[in-house]
Structures are given as C-alpha cells and as structure tokens.
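What the coordinates show
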Amino acid sequence: VENIGAPPLDASVEYEVYPLTAGTKYNFTLITVFEGVNSTGYNFTAVTAPRNAEDFKTVGQNETSITLQWKQVNNIDRYILVVNEEEITVTSSEEFVTHTVSGLTSGTRYKFRLFTVFENVTSSGVNHTAVTAPDNVGEVKVVNQNETSITLKWDKVKDISVYILQYDENGKPRVENIGAPPLDASVEYEVYPLTAGTKYNFTLITVFEGVNSTGYNFTAVTAPRNAEDFKTVGQNETSITLQWKQVNNIDRYILVVNEEEITVTSSEEFVTHTVSGLTSGTRYEFRLFTVFENVTSSGVNHTAVTAPDNVGEVKVVNQNETSITLKWDKVKDISVYILQYDENGKPRVENIDALPLDASVEYEVYPLTAGTKYNFTLITVFEGVNSTGYNFTAVTVPSPPSSAHCEYYAAGYSAYVFWNKPDGVWTTVEVNVIGKYYEVDDSEEQNIIIQGLQPARSYQVSLNSVSGHERRSNSIVFQCSTDPRGVIAGSVIAVLLFCVLVCLAVFIFLKRPDIISRKKSFISGSKRTKRKGKLITATQFADHFNKLNVDDNRGFSEEYEDLAPIGTNQTQKAADLPDNQVRNRFKNVLPYDWCRVKLSTSNGTSDYINASYMPGYNSNREYIASQGPLPSTVSDFWRMIWEQRVKGIVMVTNCTEGGKIKCERYWPADSKPCLYGELLVTIRSEEQNLNWTMREFSVKHRNTSEERSVKHFHFTAWPDHGVPEGSEILIQFRGLVRRHIEKEGARAPTVVHCSAGVGRTGTIIALDVLLQQLEKERAVGIKEFVHKMRLNRPHMVQTESQYVFLHQCIMDALHSNQKPEENIYENADLIYENATALRELR
Ligand SMILES: *[C@@H]1O[C@H](CO)[C@@H](O)[C@H](O)[C@H]1NC(C)=O
Ligand SMILES: *[C@@H]1O[C@H](CO)[C@@H](O)[C@H](O)[C@H]1NC(C)=O
Ligand SMILES: *[C@@H]1O[C@H](CO)[C@@H](O)[C@H](O)[C@H]1NC(C)=O
Ligand SMILES: *[C@@H]1O[C@H](CO)[C@@H](O)[C@H](O)[C@H]1NC(C)=O
Ligand SMILES: *[C@@H]1O[C@H](CO)[C@@H](O)[C@H](O)[C@H]1NC(C)=O
Ligand SMILES: *[C@@H]1O[C@H](CO)[C@@H](O)[C@H](O)[C@H]1NC(C)=O
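Just so it is clear, the structure is predicted and the values come from calculations on it, not from any experiment.

The subject of this paragraph is the sheet that holds strand 25 (residues 270-275). Strand order in the open sheet formed by three strands is 21-22-25, and the pairing between neighbours is antiparallel. Each end of this open sheet is capped by a strand with a single partner; those strands are strand 21 (228-235) and strand 25. In this sheet, neighbouring strand axes are inclined to one another by 20° on average, regardless of whether the strands run parallel or antiparallel. Both strand 21 and strand 22 (residues 240-245) contribute to a ladder of five bridges, which runs antiparallel. For Gly234, the partnering residue across the bridge sits in strand 22 and is Thr241.

Structure representation (structure tokens):
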C-alpha cells in the first residue's frame, strides 16, 4: 500500500511502482483520499515488461539459412525476431527455442534482434550477428603440374580471401589455409611437395567470417617420373631397339622420334621397344615420356644410331705371295672399317681409317701366307656401331714348289721330274721344258715324265704353281740332265735279254713241264693264305686307325658289323640239352659243339661246361674262354682246371658289379682250404694292387694227393660292357699274364673268364695275341683275329667299344714303343719287356 502525494500545481499524477517482478501482471486498486475519507477505490491491472531471452546464438547455417537458438524466458511462449526490418513472431514453449531463418543470401552478415513478448509487452530486446555459409568456388583449374607440385587456380567467391585446401598425402591428411591477395579476382596456389605420378582428391573450402562452405571436391594428378636407364639394347640397319626401366605402376609411354609420337604400352619391369623403318647409318634423337592419367613426365632424351650398311662390293685390285690389296666404295662417307680374317689359325682384326675426302678405300692386307684362301669380313662402323659384315674370300698367290730335281728315265729319251708339293691353295703345277707346258694338278703325284728328250743333254726346267687362272707364282728354274749311258748300251742289252728269255722258255717247255704245274699249285696256295686277310703294318697303323675313326667311327662300325654273322651257323647242341641248360649263365652265350671244352665223364657226370678253346698266336688251343662259374658249376670249373692242367686263370670281372652277381666266388674266402668236388683249394698267397689282385692257389686232388699250383690273375678295374679307363693298365696286366705263360711253358691252355666269357675275355685274349703279332711281325690283323675267335665262340669281343679299344691299345703300344722312358716309374719289369720289344721291332 503506497501513499502517493501529488504535486499541487500539476493536473495529473505520475507514479512509478517499483520494484516489481518482470513479466508479471499486477492487480492494482487506486484509492482517492479527501480529508481522510477514502473513495471506493479504482481497480485496474498492469504488467511489467518480460526479461530478454538469454543465450541467443547461432547453432547452424548454410548458404541460404541461419539457425538461431535461445533459452526460454519463464512461462513466456512468444518472441519477436527482427531481421532486415522484418518481424518474425516465434511461438515456442520449449526450454531452448530454435528457429531457422531461411531465404537468406550466402556469405552474408545478418543482424538479428530478439524480443520477448508478455501480455503484448515486449522486452527491451537482444542483438545477435550471424553469417550464412559462403558458396563453394565455381571451378578449380590445374594450371601446371610436375613431379612434385600441382598449381591450382580459381575465381574468388564474393571477394572472400580465405580458403582451406584439404587432401591426403601418403595416407596423412593435410589442411592448408590459403589467404588470397585482397585485390585479385582469382587465386593461384601451388600445392607442394607432392609425390610423382599420384592422383589426389582435393577439397577446397571457402571461409567467410569463420564459416566454411560445404567444400568443392576435385582431383588432380602429379606428373609421373621419367623412365630411368633409357638406352639402346640393339640395332640393325633399319631398326633400333630401346629399353628402359618401368616407372612404378605405369604402363603407358610416349616415345618421340622424328616428331612422331609412338605410344608404347607395357607393364614389364624392363620395357623394350623396337623402332623400325629407319634409315641405315643414321643418328636418331629419342625422347621418352611417361604417361599417368594423361599427364606426361618431363621426358628424357637418348641418342642412338642405326647400323650402317655393309660395303657393296670389295674388289681385289692386286695380290702377290704375301699381300692382297682390296678396294671398295665408301658407305655414306663412313670412314671407319674393320677387316677380320684368320691368319695361320689366329684371328686378326684390322681397323681401317679411310681418307675423308676419297670416295673409295684401298687397303693392303699384309703380311699373308702364300697360296692361302682367306675368308675376310669387312665391317662398316658408324659411330661405334658395326654393320653385319660383308664376307668375301681372296687368295694369295701360291708359292712355287720348294724344291725339285730330275732323274734319268727311259735311257735318256725322257726325264723324270719330281718336286715337293707347294704349300697352300693351288690348282696345278706348271712344268715348262723347252717351251712346252705340262700341267699336273693337285690331286696327282707330284712328278711327271717328260718325253721327247734326247739322251746326254741338259734341259732347263721351270716350275711354278698356279691357283685359278691369273695367280701364278714365281718360277723355280733348274737344269735337268738326261741319261747319257743308254745311248750306247740300251738296245744291245735289250736284244740279249730277249734271246735269253726265249731260250729259257723253250728249255722249260721241252724238258721240265712239271715246273709249270707246280707253279699253278703255288698260285692257288697263295690265294688261300690271302684269305686270312691283310695285316696292317706298324707304320701304317696310325693311318689305318684314323681312317676307321673318321665320320664318328664309321669305319669301326662297318668292320664290326661285318663280324656279326661270323660263326653263327655252327651247332651248339650240347649246350642246348635240357640237363645242361642250367649250366649256362646266359641263354645266348653257348659254346659251339666243335670246340667246347669237354670234362671227363668218369663218375657218370655230364661232360658239359660253358667253355671254349681259343686260338692264340702259336696254336689253336692256347686259351680256354669260359663263363664265370655259377654256384652249381664251381666244382665243374675246378675239374676243368685240373683236367686241362691249367697253370693260370685270368679273371677280368669282379664277383659283383653294380649290385649284380657277375661270377660266383670260386676260391676260399680265407686261408682255410675249401673242397670243390674232389679238389681241395687253398690260397697260398694274395697280393692286391690298385687295378688287379694276384693269387696263388694250391689245388690238391683228394684221391691221389697230387698237388699243383695255379696262378690267379684277377683284373678288377674293368666296367662290364665297357672298356677300362686307358689302355696302359690293361697292357701292363697283360704283360704279367704273358710272362707267366712264357715262364710256365705254354703247353696247357690258360683259362680266361669274365661273366659271359666273351666280351672282356675276348678283348684280353685278342690283346695278348695281337701284341705278340705286332712284336714278331711288325704288323697286326685285328679284324682277322676277332674273326678267328668268333669261329670258336660267339660274341667274342662283345661290343664295338671293345673293338675300338683293341685298336686304341695297339696305337698306344706303338706309341709307347717309341718313347719307352715314359713308363719307367710304373713297373720296371714291364719297361724291360717293352724295351725288348722295341729292340726286336728295329
Ligand atoms: C539450408 O538449411 C535449411 C534448413 O536446415 C534447409 O532447408 C536447406 O535446404 C539448406 N540449404 C542448402 C543449400 O543446403
Ligand atoms: C615443379 O614446378 C615448381 C613450380 O612450377 C618448381 O618450383 C619445381 O622446381 C618443379 N619441380 C621439378 C622437379 O621440376
Ligand atoms: C572449417 O574447415 C576446417 C578444415 O576442415 C576446420 O578445421 C574448421 O573447424 C572448419 N570451421 C568450421 C567453423 O566448421
Ligand atoms: C632388324 O631387326 C628387326 C627387329 O629385330 C627385324 O624385324 C628386321 O628384320 C631386321 N632387319 C634386318 C635387315 O636384319
Ligand atoms: C665391332 O666389331 C669389332 C670387331 O669384331 C669388335 O671388336 C667390336 O666389339 C664391335 N663393336 C660393337 C659395338 O659390337
Ligand atoms: C660372315 O662370316 C662370319 C665369320 O666367318 C660368319 O659368322 C657369318 O655368318 C658370315 N655372314 C654371312 C652373311 O655369311
């Protein structure tokens, strides 16, 4: 209750009710008081203004709208928002009032005023300033790019000078704030550093008073790196092959040559490309670009040349015995040439520099050998690149025969002229006697009989060799005398001789007709011996060997094949009997009936053993070739040794080889005696060498107690079907055997066996016989002896290699006879023997 005194002179009263609560409706009663007496009272209502809203702010915006928010004022649900002199009434009873003002202009600053309304009374109002989001940039151009940077350019948005560029580099986000110069209408910006050959996703944001635009997305790429190792890997006259290393993940390249672009697509690690259709001997500039998303690298250069052409033709302008002069036209003014040829088996390479101003080149090749055909290759060289080479041949002039002489012939009416074969290439030797020319070509003997001469005279003879038509050597000239004696004696002697012969013939015809018939039988006899075949003498043997050897042993193969059918039509009945079949180690190696070794049949046992008598150098039963004993034939084997009174056994196999049993061990394992049938065998001694073992057995008959000694020569270094490493060891071994045979007397056969008793057995027997033959006759008949052995037992010398090996042995034996000192350290005894052989040979 408030007493209000009004000022006396004023007609109305003004009174401030205070303090009141904001936004409140009051019920007032105003009472007029006169001299202490109250009026009835005048009732009325009035309200206080509401409070302003608090926390008036922007909670969001885009290009066309701004969203505002404020806190509700107690119980009030009406607000007036003023923007751009326009009033917007907002009704809300939410605790936080949100209102979006739309229809605005992008990138623009707006002033807002907010009033609270209570019973039509508005609050004093609060202000707030907000901006709309700016527009994005219209377009971004890539104005430049290289391996490490991209330069961008865009038009400013509404003079806005702040931009943000976002992108990822190497997986890490980068944010760059870009302030544009205020006066320019556009912005240019270099993004740097970047990775070469990479595609980037950029976002460019326009910023207006701290508000971002939505962001403009675009992509741009950096230029790829240039290819490395750009080089030439080959060229010929019309093409150049280039190569370079692949640039990471890139499979497109542009190669520019002669202002022409070639696109090369390849994902190989090393890209190879051949540019063809080029001109020979020309220099080309290449530029190589790497292409990534249509962006090319800066490019690398490479210069290469095509191979030059070969020279067109080479002329021989002069030649003599030691030089050839060549001439050719230059190729495209090229001045460097290489001439290649072999002289005496050694390659020669000559660099030839032509005179710059001449159109052709003349070159003397020197020194050369007379009468030789040279294969030349002339290479043109352009900037270090060779042409393929022009091949041609040229021949030096031959030299004349090195010496010549003549002999008497035909009582002086002719002369016999001899000369040494000229060296090198020549076709004929020209002999000139008293103006007459005779030609002897290189396939003939180097001599000629010159007829039509006079006895007891001297003639000038000149010889020269000729190659082709023009190349004629300098002559050698000498005097040739004809026989002076015949002039007197010739005809007289001839007449006398004729008379004597006639008288002799008449005498024989009348008095001794038997001589004629004897002569006939002598002739037929000699035919028979001839069938034994021809022997090869020691001096001819090397030639013979080489002849058989040519064409991949063709001669040996032919000879060896000739031997295949020998003897095979002879009977083998005993070996094929059912009881005897089990006594054969191989079904196809069976002794022929006529010369098989027969055992005694005293105990009613079989007489069969797989063994054959073999001829030697002196008689037809010097050896027994036998199969290696089977478990069931060991005692038969010893029976044969005993019955044939054998003093030596030559074993040329091991008991097992390559895991296969080749031969039963038919002698005791240790010093204890073993009984085989009726024979008690004891090892008396054993001496092992690298390649053989020597044993001495004592063999005692159980019934008679007779005891004999048998030598065992066991060669351990021979592979089956093959041949030993070299002939030397086997020749030594054979020497041991031979000395034993000679010491013990050759009355009894020597048993030789391997597994089948034909291959190695045949080879060692043949070797022994042939070496004797060589020693005694200075000649050998290898084929003839193998032929002879094949008549006694099939397959003797079982393989071609063994047959060749026999020849090799003879070669080596001949060879070592010439140089006996070579073997001294090996075996003194053997050397002694070889030396003997040598003496006998001479
Ligand atoms: C801006 O925001 C308002 C309200 O959220 C919306 O209606 C309008 O579509 C938006 N405009 C653009 C260009 O995004
Ligand atoms: C790439 O271009 C920028 C500007 O154009 C330059 O500064 C830079 O050296 C260039 N980089 C290379 C590798 O060329
Ligand atoms: C604008 O964008 C940048 C980059 O994305 C960001 O860091 C910043 O917070 C943004 N500003 C606003 C107001 O959103
Ligand atoms: C050069 O080499 C190319 C490619 O190897 C081949 O096609 C062309 O035949 C060759 N030309 C000559 C003349 O050898
Ligand atoms: C050219 O030929 C010569 C002679 O054969 C040879 O030594 C040289 O290496 C060759 N040059 C080239 C580039 O092949
Ligand atoms: C030229 O001779 C060389 C060497 O003798 C040979 O390798 C080459 O194949 C020959 N070229 C021709 C085209 O005959």
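This part takes up the packing of aromatic side chains. Taken as a whole and assessed by the stated rule, the structure comprises 37 aromatic pairs. On the numbers, 6.5 Å between centres and 40° between planes, the contact of Tyr110 with Phe112 is tilted. No difference in accessibility class separates Tyr110 from Phe112, as the two residues are buried. Judged by centre distance (6.3 Å) and plane angle (85°), the rings of Phe715 and Trp718 are edge-to-face. Of the two residues examined, Phe715 and Trp718, each falls in the buried class. Directly above the ring of Tyr613 sits Arg621, whose terminal nitrogen or CZ lies 3.8 Å from the centroid.

Quick look at the sheet that holds strand 33 (residues 360-365) now. Read from one edge of the open sheet, three strands run 29-30-33, paired in antiparallel fashion. Of all the strands in the sheet, just strand 29 (314-319) and strand 33 have a single pairing partner and so form its edges. The average undirected angle you get between the axes of adjacent strands in this sheet is 25°. Examined bridge by bridge, strand 30 (residues 324-329) and strand 33 share six bridges and lie antiparallel to one another. Considered in strand 33, the bridge of Lys327 is made with Glu362.

Those residues of helix 9 (residues 782-792) lying buried are Ile782, Phe785, Val786, Met789, Arg790 and Asn792. Viewed along the axis of helix 9, the buried residues span an arc of 155°, placing them on a single side of the element.

Attention now goes to the environment of Gly41. Note that Gly41 resides in the loop between strand 3 (37-38) and strand 4 (42-47). Judged by its relative accessible area of 24%, Gly41 is partly exposed. For the pair Gly41 and Thr29, spaced 12 residues apart in the sequence, the C-alpha separation amounts to 5.9 Å. With residues near it in sequence (within four places) discarded, Gly41 still touches Thr29, Leu30 and Ile31.

At a minimum axis separation of 10 Å, helix 8 (residues 759-777) and helix 9 run at an interaxial angle of 130°. For the element pair helix 8 / helix 9, the angle class is oblique. As for the relative orientation of helix 8 and helix 9, their crossing is right-handed in sense. Seen from helix 8, the contacting residues are Gly762, Ile765, Ala766, Val769 and Leu770; seen from helix 9, they are Ile782, Phe785 and Met789. Its residues assigned to classes, the contact of helix 8 with helix 9 shows seven nonpolar, one polar and no charged.

With that settled, consider the pairing of strand 37 (residues 404-409). Pairing geometry for strand 37 and strand 38 (residues 414-419), over six bridges, is antiparallel. Among the inter-strand pairings, Cys406 is bridged to a residue of strand 38, identified as Val417. Between strand 37 and strand 38, which pair antiparallel in sequence order, lie four residues; one of them, Ala410, sits at a positive phi of approximately 50°.

The tally for this structure, following the rule as stated, stands at 21 salt bridges. Here Lys25 and Glu119 are joined by a salt bridge, their closest N and O atoms 3.9 Å apart. Placement of Lys25 in strand 1 (residues 25-30) and of Glu119 in the loop between strand 10 (109-118) and strand 11 (121-122) is noted, with a sequence separation of 94 residues between them. On the basis of relative accessible area, Lys25 is assigned to the partly exposed category, the value being 46%.

This part takes up a nonpolar patch on the surface. A contiguous nonpolar surface patch, about 700 Å² in accessible area, is contributed by Ile4, Val13, Tyr15, Val17, Leu20, Leu30, Tyr42 and Phe44. Tracing the chain through its elements places Phe44 in strand 4. Among the residues examined, Phe44 registers a relative accessible area of 32% and is labelled partly exposed.

With that settled, consider the site of ligand 2. The local shell around ligand 2 consists of Asn144, Asn146, Thr148, Ser149 and Glu190. For ligand 2, the accessible surface in isolation is 360 Å², of which the surrounding protein chains cover 42%. The class makeup of the residues in the shell around ligand 2 is no nonpolar, four polar and one charged.

Here we take up the side chain of Asp593. Turning to its location among the elements, Asp593 is positioned in the loop between helix 5 (578-581) and strand 46 (596-598). As a buried residue without a salt bridge, Asp593 has its nearest oppositely charged side chain in Arg596, at a separation of 4.2 Å. Polar contacts involving the side chain of Asp593 include one to the main-chain amide nitrogen of Gln572, which spans 3.3 Å.

Take the packing of helix 7 (residues 727-744) against helix 8 next. Put simply, helix 7 and helix 8 touch, their axes get as near as 10 Å, and they point 75° apart. By the angle between their directions, the pair helix 7 and helix 8 is classed as roughly perpendicular. Two secondary-structure elements touch here, helix 7 through Leu730, Ile731, Phe733, Arg734, Arg738 and Ile741 and helix 8 through Ile764, Leu767, Asp768, Leu771 and Gln772.

Our next topic: the nonpolar core. Residues Phe733, Ile765, Ile782, Met789 and Ile810 are the most contacted members of the largest nonpolar core, which totals 53 residues. Leave out the neighbours within four places in its chain, and Met789 touches Met614, Gly762, Ile765, Ala766, Met796 and Val797. Counting residues in hydrophobic clusters, the runner-up holds 27 residues, among them Ile624, Trp667, Val681 and Phe697.

Here we come to the state of the cysteines. Going through the model one piece at a time under the given rule, you end up with one disulfide. Of all cysteine sulfurs in the structure, the one in Cys663 sits closest to Cys655, which takes part in no disulfide; the separation is 5.2 Å.

Where the model shows low pLDDT, its predicted coordinates should not be examined in detail. Taken residue by residue, the protein gives an average pLDDT of 88. The fraction at 70 or more is 92%. Per-residue pLDDT stays below 50 along residues 517-532; that stretch engages in two contacts with residues further than four places along the chain or on separate chains. Counting contacts from residues 819-842, a segment whose pLDDT is below 50, to residues more than four positions away or on other chains yields 25 contacts.

We now examine helix 8. Here helix 8 is 19 residues long and its end C-alpha atoms lie 26 Å apart, about the 27 Å a rise of 1.5 Å per residue gives. Helix 8 sits mainly inside the fold: 16 of its 19 residues count as buried. Arg778 sits one or two positions beyond helix 8 and adopts a positive phi of about 55°.

The next point concerns unusual backbone geometry. Across the junction of Tyr192 and Pro193, the peptide omega takes the value -5°, indicating a cis bond. Tracing the backbone through its elements, the reader meets Pro193 in the loop between strand 17 (186-191) and strand 18 (199-208). Geometrically, the link from Tyr366 to Pro367 is a cis peptide bond, its omega value of -5° lying close to zero. As for its placement among the helices and strands, Pro367 is situated in the loop between strand 33 and strand 34 (373-382). Of note in this structure, Asn120 is not a glycine but carries a positive phi near 65°. Relative to the elements of secondary structure, Asn120 occurs in the loop between strand 10 and strand 11. When its relative accessible area of 68% is taken as the criterion, Asn120 is described as exposed.

The rules behind the values
Residues numbered from 1 in each chain as written. Chains lettered and ligands numbered in written order. Predicted model: local features only at pLDDT ≥ 70, side-chain atom pairs only at ≥ 80, totals over all residues. Heavy atoms only, no water. Pairing = 2+ DSSP bridges. Helix = DSSP H or I, 4+ residues; strand = E, 2+ residues; numbered from the N terminus. Axes fitted to C-alpha atoms, helices over the stretch in contact; angles between N-to-C directions. Phe/Tyr/Trp six-rings, centres within 6.5 Å; stacked < 30°, edge-to-face > 60°. Buried < 20%, exposed > 50% of the residue type's maximum accessible area, 1.4 Å probe, protein only. Lys NZ or Arg CZ within 6 Å of the ring centre and 35° of its normal. Arc of directions from axis to C-beta. Contact = heavy atoms within 4.5 Å. Parallel < 35°, antiparallel > 145°, perpendicular 65-115°, else oblique. Left-handed = near helix turned anticlockwise from the far one by under 90°. Nonpolar A, V, L, I, M, F, W, Y, C, P; charged D, E, K, R; others polar. Salt bridge = Lys/Arg side-chain N within 4 Å of Asp/Glu carboxyl O. Patch = residues over 30% accessible without salt bridge, like charges linked within 9 Å, V, L, I, M, F, W, Y side chains within 5 Å. Areas by Shrake-Rupley, 256 points an atom, 1.4 Å probe, with all protein chains shown as cover. Near = heavy atom within 4 Å. Lys, Arg positive; Asp, Glu negative; His and termini not counted. Polar contact = N/O pair within 3.5 Å; in protein donor to acceptor, adjacent residues only side chain to side chain. Core = buried A, V, L, I, M, F, W, Y, C linked by side-chain atoms within 4.5 Å. Disulfide = S-S within 2.5 Å. pLDDT = per-residue confidence, 0-100. Expected span 1.5 Å × (residues − 1).

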